[in-house]
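Structural characterization, general
Below are the chains, spelled out letter by letter.
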Amino acid sequence: RQTALLRLMDEQRQKHEPDAIMRAAAQAAGRHLGADRVGFFEVGAADTIDFTTGWTAGRLPLLSGSLPADAIGTGYLT
């Protein structure tokens, strides 16, 4: 875990754009956890989940756009 965190911190020092930093964090988390997809989202004002930056290992599509919050499940909203 420490190696993954050190690698992430080193990579993020070289980045200046928030999206690039978030992509690097998603990639580091995905690889460390063996996940197929990691990403960030915002809860929108119109009860939507708005997917922002993310990473995929190539087996699943990257989530993008907006979905109604109730289509995701209430566990994400609590």
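This structure is a prediction, so every number in the text was calculated from the model and none was measured.

Our next topic: unusual backbone geometry. Positive phi outside glycine occurs at Asp 47, with the angle close to 55°. Looking at the secondary structure, you find Asp 47 in the loop between β1 (37-43) and β2 (48-56).

Applying the stated rule across the entire model yields one salt bridge. Salt-bridge contacts for Asp 36 lead to Arg 59; the nearest nitrogen and oxygen are separated by 2.5 Å. Taken as a pair, Asp 36 in the loop between α2 (18-33) and β1 and Arg 59 in the loop between β2 and β3 (65-68) lie far apart in primary sequence, 23 residues in all.

What follows is about the sheet that holds β3. Spatially, β1-β2-β3 is the arrangement adopted by the three strands of the open sheet, whose pairing is antiparallel. The open sheet has two edge strands, β1 and β3, and neither has a second partner. Averaged over all adjacent pairs, the angle separating strand axes in this sheet is 35°, with direction ignored. Looking at chain direction, β1 and β2 are connected through six bridges and run antiparallel. Bridge pairing links Phe 41 to Phe 51 in β2.

Looking now at the pairing of β2. Moving residue by residue along a regular strand, the side chains alternate between the two faces of the sheet. Between the end of β1 and the start of β2, which pair antiparallel, lie four residues, with Asp 47 showing a positive phi angle near 55°. Looking at chain direction, β2 and β3 are connected through four bridges and run antiparallel. Following the sheet pairing, Ile 49 is matched in β3 by Leu 67.

Here we take up the side chain of Thr 53. In this structure, Thr 53 sits in strand β2. There is a polar contact of 3.1 Å between the side chain of Thr 53 and the side chain of Asp 19.

Over its 16 residues, α2 extends 22 Å from the first C-alpha to the last, a length consistent with the 22 Å expected when each residue adds 1.5 Å. For α2, the set of buried residues is Ala 20, Ala 24, Ala 26 and Gly 30. Down the axis, α2 shows its buried residues gathered within 165° of arc, on one side only. Those residues of α2 that are exposed and angled more than 90 degrees off the buried face are Pro 18 and Leu 33. The first or second residue beyond α2 is Gly 34, which carries a positive phi of 70°.

In this section: the environment of Leu 62. The topology assignment puts Leu 62 in the loop between β2 and β3. Note: C-alpha distance between Leu 62 and Gly 44 (18 residues apart in sequence) is 19 Å. Discounting residues that sit within four places of it in the chain, Leu 62 has contacts with Arg 37, Gly 54, Trp 55 and Thr 56.

Cut-offs applied
- Residues numbered from 1 in each chain as written.
- Predicted model: local features only at pLDDT ≥ 70, side-chain atom pairs only at ≥ 80, totals over all residues.
- Heavy atoms only, no water.
- Helix = DSSP H or I, 4+ residues; strand = E, 2+ residues; numbered from the N terminus.
- Salt bridge = Lys/Arg side-chain N within 4 Å of Asp/Glu carboxyl O.
- Pairing = 2+ DSSP bridges.
- Axes fitted to C-alpha atoms, helices over the stretch in contact; angles between N-to-C directions.
- Polar contact = N/O pair within 3.5 Å; in protein donor to acceptor, adjacent residues only side chain to side chain.
- Expected span 1.5 Å × (residues − 1).
- Buried < 20%, exposed > 50% of the residue type's maximum accessible area, 1.4 Å probe, protein only.
- Arc of directions from axis to C-beta.
- Contact = heavy atoms within 4.5 Å.

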